[in-house]
Amino acid sequence: MNKFSTDLVDLFASEQMFDLTEEEKCIALADLEAMEQHMEKIDRIPGIKTAAPMTHCLDDFMLELREDEAVESTPIEDLLANADEVFDREIELPKVVNG
Amino acid sequence: MTYMTKSVEELHELLIKGETSPQELLDEAWRNSREIQERYNAFVTVTDKAEETEVTDHVLSGIPYGAEDLYSTKGVLTTGGFQALCDYIPFFSAGPADRLAETGAVLAGKTAVGESAAVRNPWDPERSAAGSACAVAAGAFPFALAVDTGDSIRRPAAYCGIVGYKPTYGMISRHGVIAGVSSMDHCGVFARSTADAAIVADAMKGLDIDDMTTWDSSDVHLRAALQGDFAGKKLCYVKELCDIRNYPDADETLKAHLANFMEKVVMLRAHGAQVDEVSVDRALLEAVSSIYLVISCAESTSNLTGINGLVFGPRGEGRSWAEQIKNHRTRGLDTSVKRKVIVGAYVLKDENQERYFKNAQRGRRLIVDAWKELFRAYDAVIQPAGTGATDAAVLEDAMLIGSFGGFPSITIPDGFVDGLPAALNITGNCYEDEKILDIAYGIESMMDYKGQIAKEVRK
């Protein structure tokens, strides 16, 4: 039995906060159905079960702590310049709680 | 007089002698960019104003350039290739663009993001291209910035007959560059020579307090390291990628690309380089694209959560903030992006992470370890780049390994197949950018493809 369906695709899309057209749902479903084939290729790599996951390109990378110094922050006007709906010096959103 | 087909160093000399001016160069870059936009659709924005620039001792002062539309540019539209950011005007410039501005280089245009069917290849308009690669190849300006996540500088460079260079991960700041796959995104450059690529990377690199992946490269001097003497250098190529016998269904184009590559191997040996054939487990090579798919979808999904239309981008319609975000993302993300996000959301689910995402990361490590093993014995791995062959997937995918490992990697033009550019990729170990560019410089000097401008071979 296939573990994927367009309903599942719909659920993922909803969780990711967008809608899909019927055509997009079919494309995404095919992508998910192909995942097992991809994983079979990965599973065939010798040593795959014991290797440590690689999360950073540079094995020797060291983060250096910055000095704890105050720096000038970005002016609020700059930060708001691209927001469509602004009230006073804040981004305006629809009311969440009524009353 | 045409200037934009010249190299950075040639232009600097003309500027210093007073034979041209920054404004004259910029006017030509704008004019060329508009023509290229008309013909090949390579631009998102051709700028129409720039601060007056003085010619200084810096070789980039007064030189026009382009930047892929992923780079934030203060006061200039930056869409990142997303409809969702169709009206985003940044209040700051990306770190690399800031550093170029400090040298006196002048932004002439923002180019289309990534390899796109909408952008036409200036050698063959029926083929696709990346905006920055197209613009440089067609002579808009001498260089352009781009982002290489999988191979998206090095492969389009091959198709367009120019140089594409991605430095070691973290050498150039990504602050202000719209994130795709954070563990693999590299800022880099398209140019028409290795020297120009080195000059631009020299100017952009360095620690950036706003990008914690950057490292101190103050002792790296790329342009100064170009000597071109590679006698004694040890290179290798992977048999499973480069031997025609791996491709029983090879078409004539693939055969010609691999034959061209082997001619270059003979040429290199004749010039004193050791070039060995090595073998890599085919299971590793066959998993490369699958590993890339899983990791790139997962990380893109995470990065794209910031696109919601509330802080920037046109506000979506709806009675609640959730409806507004959903409306914004539905309209603003195209099908290819939504596909990635669905796969990414699936592989990142708690119950799936181990099976999919972590296994892909394990595979990535094993492939990178295999390449690092090669680098213990060799200065660089070479391969044909961008053959376009559909029947040679492992070869086409192999440049992704450069991104997996954060390796310095450069593609240079090395001939023609069917009248279209052929290319050679050279990849080395992390932090060995000077050595890799010097090898590229040496190979480039043996051939006649440096500085070439695209000529339409199919109209």
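Procedures and definitions
- Residues numbered from 1 in each chain as written.
- Chains lettered and ligands numbered in written order.
- Predicted model: local features only at pLDDT ≥ 70, side-chain atom pairs only at ≥ 80, totals over all residues.
- Heavy atoms only, no water.
- Helix = DSSP H or I, 4+ residues; strand = E, 2+ residues; numbered from the N terminus.
- Rg over C-alpha atoms; globule rule 2.2 N^0.38 Å.
- Buried < 20%, exposed > 50% of the residue type's maximum accessible area, 1.4 Å probe, protein only.
- Contact = heavy atoms within 4.5 Å.
- Areas by Shrake-Rupley, 256 points an atom, 1.4 Å probe, with all protein chains shown as cover.
- Lys, Arg positive; Asp, Glu negative; His and termini not counted.
- Charge placed at Lys NZ, Arg CZ, Asp CG, Glu CD.
- Expected span 1.5 Å × (residues − 1).
- Arc of directions from axis to C-beta.
- Buried area = accessible area lost by both parts, 1.4 Å probe.
- Salt bridge = Lys/Arg side-chain N within 4 Å of Asp/Glu carboxyl O.
- Nonpolar A, V, L, I, M, F, W, Y, C, P; charged D, E, K, R; others polar.
- Axes fitted to C-alpha atoms, helices over the stretch in contact; angles between N-to-C directions.
- Parallel < 35°, antiparallel > 145°, perpendicular 65-115°, else oblique.
- Phe/Tyr/Trp six-rings, centres within 6.5 Å; stacked < 30°, edge-to-face > 60°.
- Lys NZ or Arg CZ within 6 Å of the ring centre and 35° of its normal.

Caption draft 1: The arrangement of the overall build of chain B in detail. Across its full length, chain B holds 15 helices and 13 strands. Taken over C-alpha atoms, the radius of gyration comes to 21 Å for chain B, in line with the 23 Å a tight globule of 459 residues would show. Looking at chain B as a whole, 63% of its 459 residues are labelled buried. Intrachain contacts of chain B at a sequence separation of at least 6 include 74% that bridge at least 24 residues. Surface accessibility of chain B: about 16,500 Å² in total, with carbon and sulfur atoms responsible for 48%. Averaging the positions of the 47 positive and the 65 negative side-chain charges in chain B gives two centres separated by 5 Å.

Caption draft 2: Up close: helix α10 (residues 321-332) of chain B. Residues and elements named next belong to chain B. With 12 residues, α10 extends 16 Å between its outermost C-alpha atoms, agreeing within 8% with the 16 Å of an ideal straight helix rising 1.5 Å per residue. Listed as buried for α10 are Gln324, Ile325, His328, Arg329 and Gly332. Buried residues along α10 cover an arc of 125° about the axis, so they all sit on one side. Buried positions along α10 lie against α11 (335-348).

Caption draft 3: Region of the structure containing the interface of chain A and chain B. Taken together, the contact between chain A and chain B spans 55 residues of the former and 68 residues of the latter. Across the interface of chain A and chain B, roughly 5,500 Å² is buried in total on both sides, 63% from carbon and sulfur atoms. In terms of surface lost to chain B, no three residues of chain A exceed Met17(A), Met54(A) and Asn82(A), which account for 14% of the buried area on that side. Across the chain A-chain B interface, the total number found is nine salt bridges. Residue Lys349(B) pairs with Glu15(A) through a salt bridge whose shortest N-O separation is 3.0 Å. Counting residues per element, the ones that place at least two in the side of chain A that touches chain B are α1 (6-15), α2 (22-33), α3 (35-43) and α4 (76-80) of chain A. Looking at which element gives the most residues to the side of chain A that touches chain B, the answer is α3(A), with seven residues. Looking at side-chain class alone, the side of chain A that touches chain B contains 30 nonpolar, eight polar and 17 charged residues.

Caption draft 4: Inspection of the pattern of salt bridges at higher detail. For the structure shown, the criterion picks out 29 salt bridges over all chains. As a salt-bridge pair, Lys372(B) and Asp59(A) come within 3.2 Å of each other at their nearest N and O atoms. With one member in each of two chains, Lys372(B) in helix α12 (residues 354-377) and Asp59(A) in the loop between α3 and α4 form a pair that bridges those chains. Assessed through its relative accessible area of 15%, Lys372(B) is described here as buried. Looking at Asp59(A), the relative accessible area reads 52%, which means it is exposed.

Caption draft 5: Summary view of the packing of helix α6 (residues 194-204) of chain B against helix α15 (residues 433-445) of chain B. All names here are of chain B. In contact at an axis separation of 9 Å, α6 and α15 are set at 155° when each is read in the N-to-C sense. In terms of axis orientation, α6 runs roughly antiparallel to α15. Together, Thr194, Ala195 and Ala198 of α6 and Leu437, Ala440, Tyr441 and Glu444 of α15 make up the contact between the two elements.

Caption draft 6: Layout of the environment of Val113(B). All names here are of chain B. Structurally, the position occupied by Val113 is in the loop between β3 (106-111) and β4 (115-120). A sequence separation of 70 residues divides Val113 from Phe43, and the C-alpha atoms of the two residues are 8.9 Å apart. Non-local contacts of Val113, meaning those with residues more than four positions away in its chain, are made with Glu68, Asp69, Leu70, Gly80 and Gly81.

Caption draft 7: The side chain of His328(B), seen in detail. Residue and element names in this part refer to chain B. Within the element layout of this structure, His328 appears in helix α10. Judged by relative accessible area, which is 2%, His328 ranks as buried. When neighbours within four sequence positions are excluded, His328 is seen to be in contact with Ala84, Ile307, Asn308, Gly309, Phe312, Gly313, Pro314 and Gly316.

Caption draft 8: Quick peek at the environment of Glu72(A). Residues and elements named next belong to chain A. In this structure, Glu72 sits in the loop between α3 and α4. For Glu72, a relative accessible area of 79% gives the class exposed. Taking the C-alpha atoms as reference points, Glu72 and Phe87, 15 residues apart in sequence, are found 24 Å from one another.

Caption draft 9: Main features of the packing of aromatic side chains. Applying the stated criterion across every chain, the model contains 12 aromatic pairs over all chains. Counting every residue linked through ring pairs, the aromatic cluster contains Phe4(A), Phe12(A), Tyr346(B) and Tyr356(B). Above the plane of the ring of Tyr378(B) lies Lys234(B), whose end atom (NZ or CZ) is 5.9 Å from the centre. Just above the ring of Tyr356(B) sits the side chain of Arg355(B); from NZ or CZ to the centre is 5.6 Å.

Note that all results are geometric; they support no functional claim without further evidence.
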